[in-house]
Structures are given as C-alpha cells and as structure tokens.
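Below, each chain spelled out in residue letters.
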There are 2 protein chains.
Amino acid sequence: MPNQGQIGPREREILTAIIETYISSGEPVGSRTLSRHNKDGLSPATIRNVMADLVEAGFLEQPHTSAGRVPTAQAYRYYVDQISGKALLSPADQSLISETLQGTVDIQQFLERTSHVLSLVSSGVGVAIANAGPQNALEHVHFSRQGPNKVLAVVVTKSGVVHDRMMRLQRDLTQTDLDTASNYINANFRGWTVDKVKAEIGRRIEHERSEYDRLMQSLRELYESGALATSEPARNIFVDGVSNLVVNEEDHERLRGLLKTLEEKQRVAELLSAYLDTRQEAVRVVIGLEEAMPEMRNLVLIGAPARVGEEMRGSLAVIGPTRMDYQHTITAVSYIAQLFDKLLNENA
Amino acid sequence: MPNQGQIGPREREILTAIIETYISSGEPVGSRTLSRHNKDGLSPATIRNVMADLVEAGFLEQPHTSAGRVPTAQAYRYYVDQISGKALLSPADQSLISETLQGTVDIQQFLERTSHVLSLVSSGVGVAIANAGPQNALEHVHFSRQGPNKVLAVVVTKSGVVHDRMMRLQRDLTQTDLDTASNYINANFRGWTVDKVKAEIGRRIEHERSEYDRLMQSLRELYESGALATSEPARNIFVDGVSNLVVNEEDHERLRGLLKTLEEKQRVAELLSAYLDTRQEAVRVVIGLEEAMPEMRNLVLIGAPARVGEEMRGSLAVIGPTRMDYQHTITAVSYIAQLFDKLLNENA
DNA sequence: ATTAGCACTCTTGCCCTCCAAGTGCTATCT
DNA sequence: AGATAGCACTTGGAGGGCAAGAGTGCTAAT
C-alpha cells in the first residue's frame, strides 16, 4: 500500500469524480472531460498531475498509454468507505420493496421475493439465503404413512421453516407406530435444537436395546432413515436477476462460466458464507471477488446478515459489476436487512 | 406450403445433409463443401440445382446472395419428422441419467435433478414441471399453531406432494381447535380431490350458520385464510442450464431478454402448457417458438408429458437452439419421461 | 439428367491512413 | 509553490481500398 498518505482533500475529490464518472459512463475517463463535467473549474493539466499521483498511489490505472484512467479495486474500496452511510433510499424504491415483501406466507417465499426485489433495485444479481443451520429449535414433527414402507416426515422449527421429506423405510410402520413416535418426540423434545434432538434420540435407541419396545424400534427405523435431516440447503437459496449481468459482460466464455456458477446455488452460498460474518451488523462490501472465484472477476458483493425471529439467521446480498451504483445498492441492502426481522415476525 | 410434393428421395437426402452439416458447423452450407463431405459423389452443380428447388419449396434460405444455404423452420420440422424414433441413447448418458435420478427423496428434488440432467445431456435448458393441478387426491391435512394467530397448514396429496403454508388468521385458534378441524377434514374427505374438498367445505360452512358450532367457526377461519390453497406453482417449476444458451446467442439484448423470461418460471410453465398436451404420449418437438414468445426466436422446445403416480402429471422439456442435436435430445427426453413414473414409484 | 465452365456477387480479412482523445513535460503565470 | 497553458507524442478506433475465398446462376456440353 504505497503512499496512502498522499490522499488529501483535493485528491479525494478528484478520485471520487473519476469513479463516479466511470461508473456512469463505463469508459476510461480523461482529464479534459473530467475538468468539463466537474463544477470546480480545475484545468485539465492540474487534474493530470493529480491523476499521475493517484496512479502512483495505486488508485487508478490506464488500459494503455493514451487512454483515460480507470479506477482500481483499491479505488472502489476507498470510495465505498467514503460514502458509506450517507444515502437515502428513494421513496419509489422503498414502496416497491415493502409492497413486494408484504403479505408473504412463509420464509421461502419471503426469500424468493427478497432476491427478486434486490435484483430489481440494483444492477446485479439478488441473493437471499436462510442459513438453515441445525441450531433451530424444534417446534414439532409429524410423520404420515404414504404407502408400504413410505413415510412422509415433516419437521417444523420455531422460526417457521418447514422441512418435508419423503422417506423409504426398511420396515413397514403403521400410522399408529408413527403417531406414537411423533408424540414421543414432540412431548420430549419440543424446543430443543434439531441436532440435539437427533443426538439424544441416537443415544436413547442405542441405550435402550430391548428389541421388544415397539416405540424404540420405530424410532430407530425413523432415525436411520434420516427423518430428522433438515439439511436441504438448496431449497433455501434464492438467486434472481442473473440477466442483469449480461449487459456488462462482453466475453461470452466468461459470461457462460459466470452463469454456470450462479446456477449452482451451493457455490453462491459458499461465497456469502465466506465473506459475510453473521455476527456483524452492517452492510459489507467485498470488492475482490475473483480471489475466491476466478470467474467472478469485476464483480462485487454487497451483502448483509439478517436476523429472522430468534435463532434463525440469513444473509442477503447483491452480486453485481464493480461498475455499479454503490450508494443506492448499499442503502437498499441495508433497508431490506432491517425489514427482514420485522416483516417476518409480522407476517409469519 | 408450396411445392411440398417436390420432395423426392434425392432432395430429401440432400436436405438432410444440409441440415446436419449446418447443425454441426453453424455456418451456411454451400454446394461445394456439401459435395465434398457427402459420400455419394454428386457434383456441386447438381446440388446447386436441388438447392434452388429447396429454396423454392421453402426449406432453405440464403442470408445473402453469395452465401450458402440455411435451413428454415420448415426444414427442421421436416427433418425432425424424418428422424423421429430412430435413435438410441448412449450407455454413458443412460447411466448418467439413472444415477442422477436415483435416490431422490421427494418430487421437488426429483424435478430439480431432472431439469439438471436434461440440461447436461442437451445443449439447451432443462425444464421440469409438476402440474400441481387441484385434481390431486387429498391424503391428509395437518394444522399446527405456531404462535398467536399463526398457523402452519400442511396439505399432503396421494401423489406425495406436500404443500406447506404459513398463515395468519383473523382469530386465534387453539391447537385443539386445529386438531379438531384437521381430524374432521381427514375423516370426511380423504381421497377427494383438493378442489372438491375446498368447495364442499365452503358449502358446509355456508350452510351451517350456527355461530355456536366451534368446529365450523374454526373451519371457516381456516378456509378464509386459504388453508387449502395448493397453488404455489413456482415451487414446482425447475429450470436449469440457462448458461447453455449463452454460446449460441450473440446479440446481448436478446440474450438478456431471453434470460429474463426464463427466470420468470411462470412464463416457462405457460410455454410448456401451451404446447404440451398432457394426454399425448410421445415426445413433441415445437419449432416456431417465437410465435408464442418473440424473444424465443431460434429456439425449439422438445418436451414430453410425464405421468407420476396415478393422478399427478408433469411435463419435462428441453428448450434449446434450433441448431441442436435433435436425435440425441429427443431420445433423452423420451427416456427420462419413461423413467419418471417408475422411479418415483420406487423411491417415493 | 448431370456436369463443367464461367462471370458475377458478397463477405471477410488485411493494410493503410486519418483522427480524436489523452498523456507527459516544460515553460509560464499568479 | 501551486496552477495553468502549450506542445509534441502515443494509441486505439473508424473508415476506405484491395485481394482472396466461397458461393451462386446460367449456359453449354456430355
């Protein structure tokens, strides 16, 4: 990080102007155009001098000798730090967001709409994830016999997430067996976290070896078929607005790779969890995304964790081009993150 | 349709050769190259004559005067009719497909994997839909109180589809109220189709006006909150492999529009339901997709209905470029459609 | 009926030139 | 000393001309 100290007020102003011009135009910005569009009448020559310094300090680079300057990742980083927390969301966007999110019936739908509206108000891809971690408290389970050896397990957690799972058992259990089992689980373990329930049931069926206890046999059967697995992560990952990325990407091969990655929702989830700390409160802007995934060069992640209910946490983010309206997007993400908790408690 | 009769065996052979060459090369095919690559040593001049006839008959067109010929939609149509039912799926693909689909736990997952594998074996977008029409027979319902005025409704149909829905009621019902209601519904209506159940409950609560019947009040409350709505169609539509389309599309604006449409799964569903008759048995190839959706120019739909269980029907399809390996894709779609019923009955 | 020949058309790639935009440097101004 | 004006230099992109390649239609010959 050379010459960080050289950033005085004049340099900062010019750097900001360059970045904003570049964001809106998409083309390398030169000293002349900048001097024209900028209100304070600095001459091109002066600006050139400052630009040279900024190149030196690592904030700008030039595609080739006689072209304008383009902001580097470092410049975006600096810019984002400068503007953070300054903006207001337009009333239009506010109402678009709250109208879209109002009246959702469950978390999945809420996440889906969140990702959608994120992609609408930004120029990037909207992502919304519920970290369906096993830390969720059990509300109740329900088993229902669907046919010979076929059982449907429904696991509901306090936060309102539903996991349904059709299973094939080794042995055929009657509906009465199943009801006995679910009553047992609900009576004993309501409020426990799902993984603790799982562990405890495992312990009990291990301990209670008597082959003649019908309940224990049923439990064992259900346990071994994975009745309590809540991990179907792909169901709780929503990605929307991929088409937004088409505009800024000229290289077909790269675009294809990018879309492919975004289609593998699991990888998107990894990305978020790598960069978003669920304990942090504010919006986070990650600028060098290509370090984690090379196909994501020139993309930034603007994300925030979101608390839902008591225990359940989620993340939401926009993945968009470095050339994006940071101010607007950051504000939008922050706004939705704040709504998250409130709306879900209201509606669900 | 002018001059359809002009298609003799010679013309047909040449037309087929042109189409296949064009599919594999992607460039307008001229008489010279065709005469070289085609085993029967016809001279370019002869081929030119035939080509002229084929242009006349509407099977070919030339982008400009001195370029080769390109097949028209009519040509693809003809070609597909010729080759239908001729091919075998490669063992590699067969095992890829069955390995992917084996071990699925529920319909959603099955559909998801189907769309994925369809996109893998073709050069297009894989689509799988469960027509969660209200014609499904009710297996049982289950209501569970999640908090003040908050109720989770789970509706399970015979075919194993689960609809869960978090509702907000006007009045607060106790879990006992809810259990009474669900027992009532399960005892009286098991096996009915969901829409008939809905209609009948509507009739009964209308008829039984006594305000003092607690059960009826609960039912009314649940009914009015939409407890029996099974229509969250977007949950049962899976689209995968959009990135495949990037390769063949050079115009960014069109590509963007296309992706946008594909992201609106509802529209994809409309497309399938417009062109696929669930009563038909075989694979259907639709060639002029732009008639229904202008952004889908140069795309074809290769789809088939799929029966699942008894009543439940679904559709699966590939949406890909006109320039695709028809033989291969048709066979794959047909193969998976046949597997559909079998696998789901086995596993679920 | 098929083919060979030929003149014609059209696209593509290439090279060349010109031009606009931008730069760095130096001399000058305040 | 900082800001500006002037100037020579660089570079990518747009446009024009040119030759090559591929393809066509037509006519005449087999």
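As the structure is a computational prediction, the values presented were derived from the model and not from experiment.

Asker: Explanation requested: the overall build of chain A in the structure shown.
Answerer: Within chain A, the regular secondary structure consists of 13 helices and 10 strands. Per-residue burial over chain A gives 45% buried out of 348 residues. Put simply, 62% of the contacts in chain A that link residues at least 6 apart link residues at least 24 apart.

Asker: I keep staring at the protein's contact with DNA strand D and nothing clicks. Help me out?
Answerer: Around DNA strand D, the structure places 20 residues, and the nearest of them are Thr46, Thr65 and Ser66 of chain A together with Gly30 and Ser31 of chain B. When residues in the surface near DNA strand D are grouped by element, the largest group, four residues, is from helix H3 (residues 44-56) of chain B. Counted by class, the surface near DNA strand D contains six nonpolar, 11 polar and three charged residues.

Asker: I keep staring at the protein's contact with DNA strand C and nothing clicks. Help me out?
Answerer: For DNA strand C, the set of nearby residues contains 21 residues, the closest of which are Gly30 and Ser31 of chain A together with Thr46, Thr65 and Ser66 of chain B. Contributing elements (two or more residues each) for the surface near DNA strand C: helix H2 (31-37) and helix H3 (44-56) of chain A together with H3 of chain B. Among the residues making up the surface near DNA strand C, the classes are represented as seven nonpolar, 11 polar and three charged.

Asker: Explanation requested: the relation of the copies chain B and chain A in the structure shown.
Answerer: Expressed as a screw transformation, the operator carrying chain B onto chain A has a rotation angle of 180° and an axial translation of 0.0 Å, and the superposed copies differ by an RMSD of 0.2 Å. As the rotation angle and translation indicate, the two copies are arranged about a two-fold axis. A high fraction, 100%, of the interface residues of chain B reappear at the interface in chain A, so the copies pair face to face through one surface.

Asker: Help me out: how do you make sense of the environment of Ile287 of chain A in this one?
Answerer: Residues and elements named next belong to chain A. Positionally, Ile287 belongs in the loop between strand E8 (284-286) and strand E9 (299-308). Spatially, the C-alpha atoms of Ile287 and Lys150 are 49 Å apart, while their sequence positions differ by 137 residues. The residues contacting Ile287, other than those within four sequence positions of it, are Ala73, Tyr76, Arg77 and Val300.

Asker: What should I look at first to understand the pairing of strand E3 (residues 125-131) of chain B in this one?
Answerer: A regular strand places its side chains so that they alternate between the two faces of the sheet. All names here are of chain B. With seven of seven residues buried, E3 is to be regarded as a mostly interior element. Across the two faces of E3 the burial is the same, with Val125, Val127, Ile129 and Asn131 and Gly126, Ala128 and Ala130 all buried. Summarising the sheet, E3 and strand E7 (residues 237-240) pair through four bridges and their orientation is antiparallel. Paired with Gly126 across the strands is Asp240, a residue of E7.

Asker: Explanation requested: the interface of chain B and chain A in the structure shown.
Answerer: Taken together, the 31 residues of chain B in the interface contact 31 residues of chain A. Broken down by secondary-structure element, the contributors of at least two residues to the side of chain B that touches chain A are strand E4 (138-147), strand E5 (150-157), strand E6 (162-168) and helix H10 (252-263) of chain B. Taken together, the residues of the side of chain B that touches chain A sort by class into 13 nonpolar, eight polar and 10 charged.

Asker: What is the right way to look at the packing of helix H1 (residues 9-25) of chain A against helix H4 (residues 73-83) of chain A in this model?
Answerer: A packed helix pair is summarised by two numbers, namely the angle formed by the two axes and the spacing between the axes. Residue and element names in this part refer to chain A. Between H1 and H4, whose axes approach to 10 Å, the crossing angle comes to 105°. The angle between H1 and H4 places the two elements in the roughly perpendicular class. Mapping the contact onto sequence places Leu15, Thr16 and Ile19 in H1 and Ala75, Tyr76, Tyr79 and Gln82 in H4. A class-by-class count of the residues in the contact of H1 with H4 yields five nonpolar, two polar and no charged.

Asker: Got a minute to help me understand the packing of helix H1 (residues 9-25) of chain B against H3 of chain B in this structure?
Answerer: Residues and elements named next belong to chain B. Interhelical geometry of H1 versus H3 gives an angle of 90° and a closest axis separation of 10 Å. Here H1 is positioned roughly perpendicular relative to H3, judged by the angle of their axes. On H3, the residues touching Arg10, Glu11, Ile14 and Leu15 of H1 are Ile47, Val50, Asp53 and Leu54. Partitioning the contact of H1 with H3 into residue classes produces five nonpolar, no polar and three charged.

Asker: Before we go on, may I ask you to explain the environment of Glu291 of chain B in this structure?
Answerer: Within the secondary structure layout, Glu291 of chain B lies in the loop between strand E8 (284-286) and strand E9 (299-308). With 238 residues separating them along the chain, Glu291 of chain B and Asp53 of chain B place their C-alpha atoms 27 Å apart.

Asker: Help me out: how do you make sense of the confidence of the model for chain A in this one?
Answerer: Keep in mind that low pLDDT regions are not for reading the predicted coordinates in detail. Of all residues in chain A, 89% attain a pLDDT of 70 or more, and the chain-wide mean is 86. Below pLDDT 50 for its whole length, residues 1-5 of chain A participates in five contacts with residues either more than four positions away or in separate chains.

Asker: I would appreciate a short explanation of the environment of Pro148 of chain A in the present structure.
Answerer: Here Pro148 of chain A lies in the loop between strand E4 (138-147) and strand E5 (150-157). The sequence separation of Pro148 of chain A and Leu173 of chain A amounts to 25 residues, and the corresponding C-alpha distance is 8.3 Å.

Asker: When you look at the nonpolar core in this model, what are you seeing that I'm missing?
Answerer: Soluble globular proteins tend to bury their nonpolar side chains together. Ranked by internal contacts, the top residues of the largest apolar core, which has 141 residues, are Val127, Leu316 and Val333 of chain A together with Val127, Leu316 and Val333 of chain B. Other than its neighbours up to four places away in sequence, Leu316 of chain A contacts Thr114, Leu118, Val127, Ala128, Gly303, Ala304, Ala306, Val333, Ile336 and Ala337 of chain A. Counting residues in hydrophobic clusters, the runner-up holds 50 residues, among them Val154 and Ile185 of chain A together with Leu138 and Val194 of chain B.

Asker: Mind showing me how you'd approach H1 of chain B here?
Answerer: All names here are of chain B. Taking 1.5 Å per residue, 17 residues should reach 24 Å; H1 reaches 24 Å between its end C-alpha atoms and fits that length. Three or more residues of H1 are buried, namely Ile14, Leu15, Ile18, Ile19, Thr21 and Tyr22. Angular distribution of buried residues about the axis of H1 spans 165°; they occupy a single face of the element. Among the exposed residues of H1, those pointing more than 90 degrees away from its buried face are Pro9 and Ser24. Among the structural elements, helix H2 (31-37), H3, strand E1 (60-61), strand E2 (70-71) and helix H4 (73-83) are those in contact with the buried residues of H1. Directly after H1, the chain includes Gly26, whose backbone phi takes a positive value near 85°.

Asker: Got a minute to help me understand unusual backbone geometry in this structure?
Answerer: Negative phi values dominate among residues other than glycine, just as trans dominates among peptide bonds. Phi angles above zero are rare outside glycine, and Asn298 of chain A is one such case at about 65°. With 15 C-beta atoms packed within 10 Å, Asn298 of chain A lands in the partly exposed category. Backbone geometry places Asn149 of chain B, a non-glycine residue, at a positive phi of 65°. Mapped onto the secondary structure, Asn149 of chain B falls in the loop between E4 and E5.

The rules behind the values
- Residues numbered from 1 in each chain as written.
- Chains lettered and ligands numbered in written order.
- Predicted model: local features only at pLDDT ≥ 70, side-chain atom pairs only at ≥ 80, totals over all residues.
- Helix = DSSP H or I, 4+ residues; strand = E, 2+ residues; numbered from the N terminus.
- Buried ≥ 20, exposed ≤ 12 C-beta atoms within 10 Å, placed from the backbone.
- Contact = placed C-beta atoms within 7 Å.
- Near = placed C-beta within 6 Å.
- Nonpolar A, V, L, I, M, F, W, Y, C, P; charged D, E, K, R; others polar.
- Least-squares fit on C-alpha atoms with pLDDT ≥ 70 in both.
- Pairing = 2+ DSSP bridges.
- Axes fitted to C-alpha atoms, helices over the stretch in contact; angles between N-to-C directions.
- Parallel < 35°, antiparallel > 145°, perpendicular 65-115°, else oblique.
- pLDDT = per-residue confidence, 0-100.
- Core = buried A, V, L, I, M, F, W, Y, C linked by C-beta atoms within 7 Å.
- Expected span 1.5 Å × (residues − 1).
- Arc of directions from axis to C-beta.

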